[in-house]
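Next come the chains, spelled out residue by residue.
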Amino acid sequence: MESTGPSLQVMSNEESSWRVFKTLLTFTIMMITLPVGMYFVSKNMVFEGMLGVETSRALIYSAGVAVLMVHIILGLFIYVAWTEGGKPPQEREYKLD
């Protein structure tokens, strides 16, 4: 009679690793694209375009928006990592006959 215990544990670890990798990849992409995108959008469209702020001030304000975006993304990542770590792995029922 074969023991299927370790193989089930390996599958669970692989699923868990893949979930962690997807979360990390998602937040890495967000960390690269969102602050840079918000910098240029806020500088060109909001501060210089709609509000008519001079260029030197628009650069400073846009940098502040980008820094704020970085902090929001980091806060979201910490929240997701914290709540994800507290969940027990989903146990599946396997037919053992």
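Just so we're clear, the structure is a prediction, and the values are computed from it rather than from any experiment.

Participant: Could you clarify how one ought to interpret the overall build of the chain in this entry?
Facilitator: Secondary structure summary: the chain contains two helices and zero strands in total. The buried share of the chain, taken over its 97 residues, is 11%. Considering only residue pairs separated by 6 or more positions, the chain has 64% of its internal contacts joining residues 24 or more positions apart. Here the chain has roughly 7900 Å² of accessible surface; of this, 68% comes from carbon and sulfur atoms.

Participant: Sorry, what's going on with the pattern of salt bridges here?
Facilitator: Working definition: two side chains of opposite charge can pair if their charged atoms are close together. Considering all chains together, one arrives at one salt bridge under this definition. Linking Lys43 and Glu48 is a salt bridge whose minimum nitrogen-to-oxygen distance equals 3.2 Å. Overall, Lys43 belongs to the buried group, its relative accessible area being 13%. When its relative accessible area of 25% is taken as the criterion, Glu48 is described as partly exposed.

Participant: How should I be thinking about the environment of Ser56 in this particular structure?
Facilitator: Along the polypeptide, Ser56 turns up in helix α2 (residues 55-86). Of note is the side chain of Ser56, whose polar atom sits 3.1 Å from the side chain of Glu54.

Participant: Would you mind showing me how to read the UniProt feature "transmembrane region" (unreviewed entry) in the chain here?
Facilitator: In this structure's numbering, the residues bearing the UniProt feature "transmembrane region" (unreviewed entry) are residues 20-40 and 60-82. The distance separating the terminal C-alpha atoms of residues 20-40 is 31 Å; by composition the span is 100% helix and 0% strand. Secondary structure within residues 60-82 divides into 100% helix and 0% strand; the distance between the first and last C-alpha atoms comes to 33 Å.

Participant: When you look at the packing of aromatic side chains in this model, what are you seeing that I'm missing?
Facilitator: Any pair of aromatic rings gets described here by the distance separating the centres and the angle formed by the planes. Tallied over the full model, the rule gives four aromatic pairs. Ring geometry for Tyr39 against Phe40: centres 5.0 Å apart, planes inclined by 80 degrees, an arrangement best described as edge-to-face. Since its relative accessible area comes to 46%, Phe40 is described here as partly exposed. Aromatic side chains Phe47 and Tyr61 sit 5.5 Å apart centroid to centroid with 55 degrees between the ring planes, which places their arrangement in the tilted category. Here Phe47, found in helix α1 (residues 5-50), pairs with Tyr61, found in helix α2; they are 14 residues apart in sequence, far enough to count as distant. Classification of Phe47 as buried rests on a relative accessible area of 14%.

How each quantity is defined
Residues numbered from 1 in each chain as written. Predicted model: local features only at pLDDT ≥ 70, side-chain atom pairs only at ≥ 80, totals over all residues. Heavy atoms only, no water. Helix = DSSP H or I, 4+ residues; strand = E, 2+ residues; numbered from the N terminus. Buried < 20%, exposed > 50% of the residue type's maximum accessible area, 1.4 Å probe, protein only. Contact = heavy atoms within 4.5 Å. Areas by Shrake-Rupley, 256 points an atom, 1.4 Å probe, with all protein chains shown as cover. Salt bridge = Lys/Arg side-chain N within 4 Å of Asp/Glu carboxyl O. Polar contact = N/O pair within 3.5 Å; in protein donor to acceptor, adjacent residues only side chain to side chain. UniProt positions renumbered as here; feature names shortened; annotations may be inferred. Phe/Tyr/Trp six-rings, centres within 6.5 Å; stacked < 30°, edge-to-face > 60°.

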